[in-house]
Amino acid sequence: MEDLRATSHEPEGYRCPFCALIAGTPMDAPIAADVVAERERAVAFISPRWWARNPRHVIVVPRTHVENLYDITSPDLHGVMDLVQEVARGMRGSYGCSGVSTRQHNEPDGDQDVWHLHVHVFPRYPDDRLYETRPLDVFVPSEERASFARRLRTVLGTRMGS
């Protein structure tokens with residue numbers, strides 16, 4: 001079996017927006033107000049890019065910078081997936097959606113565009129056709145993201161920073 005761990009697609013000088021957020025020095029987006037949950041190994045935040053029929057989705061990332069699924073350690077992957085499950089339950093209970101879908105992409109041909117492993121958690125609605133659409137071309141203003149971040153923070157409890 002080929003060892004894919006040596007493969008990296010980060011351009012030279014790449015500044016990871018997810019690492020910047022975790023370090024407390026966010027770039028344009030995501031920002032600290034987008035964070036809905038922090039756990040020992042993972043962080044979840046409202047995505048700054050929405051899909052037209054599936055707005056307000058959440059991204060869950062490991063605290064450790066790792067580019068893709070091939071490289072992540074088992075404890076970090078478990079931490080990410082545990083938080084994905086928490087977010088999915090919170091989203092299902094607070095967004096009024098009728099389901100939840102998750103997506104995780106690896107490498108350019110796998111449609112990855114941020115070089116830090118991340119899992120998308122999408123609210124789903126009848127006939128939303130999520131997999132037939134693309135994200136909006138621009139970031140949603142932080143003010144629009146804020147109310148959903150507050151809602152999920154409340155549902156996910158007071159474990160912020162734990």
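The coordinates are above.
Not measured: the values here are computed from a predicted model. Every chain is numbered independently, its residues counted from 1 as its sequence is written. In keeping with the predicted nature of the model, local features appear solely for residues at pLDDT of at least 70, side-chain atom pairs appear and are counted solely at 80 or more, and the whole-chain, interface and lining totals rest on all residues. No hydrogens and no water enter the side-chain calculation; it runs on all heavy atoms of the structure.

A.B. asks: Sorry if this is basic, but what is going on with the overall build of the protein chain here?
C.D. replies: Within the protein chain, the regular secondary structure consists of three helices and five strands. When the helices and strands of the protein chain are placed in sequence order, the string is α-β-β-β-α-β-β-α. As a reference, a globule follows 2.2 Å times the number of residues to the power 0.38, and the radius of gyration itself is taken over C-alpha atoms. Taken over C-alpha atoms, the radius of gyration comes to 15 Å for the protein chain, in line with the 15 Å a tight globule of 162 residues would show. Taken over the C-alpha atoms alone, the protein chain extends approximately 45 × 35 × 30 Å along its principal axes. Exposure categories follow from relative accessible area, calculated using a 1.4 Å probe and restricted to protein chains: below 20% of the type maximum is buried, above 50% is exposed, and the middle band is partly exposed. In the protein chain, which comprises 162 residues, the share counted as buried stands at 46%. Between two residues, a contact is recorded if the distance between any of their heavy atoms is within 4.5 Å. In the protein chain, once contacts between residues fewer than 6 apart in sequence are set aside, the share between residues at least 24 apart is 66%. Working definition: helices are DSSP H or I runs of at least four residues, strands are E runs of at least two. Numbering for both runs from the N terminus.

A.B. asks: In this structure, what is going on with helix α2 (residues 74–94)? I would like to understand it.
C.D. replies: Working note: α-helix, 3.6 residues per turn, so residues spaced by three or four point in the same direction. Compared with an ideal rise of 1.5 Å per residue, which puts 21 residues at 30 Å, α2 spans 30 Å between its outermost C-alpha atoms and is within 8% of the ideal. Along α2, the residues that are buried comprise Asp76, Gly79, Val80, Leu83, Val84, Val87, Ala88, Gly90, Met91 and Ser94. On its buried side, α2 packs onto β1 (35–38), β2 (42–46), β3 (58–62), β4 (99–103), β5 (119–124) and α3 (142–156). Of the residues trailing α2, Gly96 is marked for its positive phi of about 75°. What a helix should span is 1.5 Å times the count of its residues minus one.

A.B. asks: What is the right way to read the nonpolar core from this model?
C.D. replies: Grouped burial of nonpolar side chains is what soluble globular proteins tend to show. Core analysis: the largest hydrophobic core is formed by 26 residues, its most contacted members being Val36, Ala44, Ile46, Val58, Val60, Val87 and Val121. Contributions of two or more residues to this core are made by β1, β2, β3, α2, β5 and α3. Looking at this core element by element, the count peaks at six residues for α2. Contact partners of Val87, with chain neighbours within four places excluded, come to Ala44, Val58, Val60, Val121 and Leu156. Think of a nonpolar core as a cluster: buried Ala, Val, Leu, Ile, Met, Phe, Trp, Tyr and Cys residues, connected wherever their side-chain atoms sit within 4.5 Å. Counting nine residues, the second-largest nonpolar core is a separate cluster that includes Phe18, Val43, Val61 and Val114.

A.B. asks: Whenever I open this one, α3 confuses me. Can you help?
C.D. replies: With 15 residues, α3 extends 20 Å from end C-alpha to end C-alpha; this agrees with the ideal 21 Å at 1.5 Å per step. All buried positions along α3 are accounted for by Arg145, Ala146, Phe148, Ala149, Leu152 and Leu156. Buried positions along α3 lie against β1, β2, β3 and α2. Within two residues after α3, Gly157 carries a phi angle of roughly 90°, on the positive side.

A.B. asks: It is not clear to me how unusual backbone geometry should be interpreted in this structure. Could you clarify?
C.D. replies: A negative phi angle characterises most non-glycine residues, just as the trans form characterises most peptide bonds. Following Ala29, the chain continues to Pro30 via a peptide bond in cis, the omega torsion being -5°. With a phi angle near 75°, Asp111 is a residue other than glycine that sits in the positive phi range. You can see Asp111 is positioned in the loop between β4 and β5. For Asp111, a relative accessible area of 37% gives the class partly exposed. In this structure, Asp127 is a non-glycine residue whose phi angle is positive, near 55°. Mapped onto the secondary structure, Asp127 falls in the loop between β5 and α3. Assessed through its relative accessible area of 72%, Asp127 is described here as exposed.

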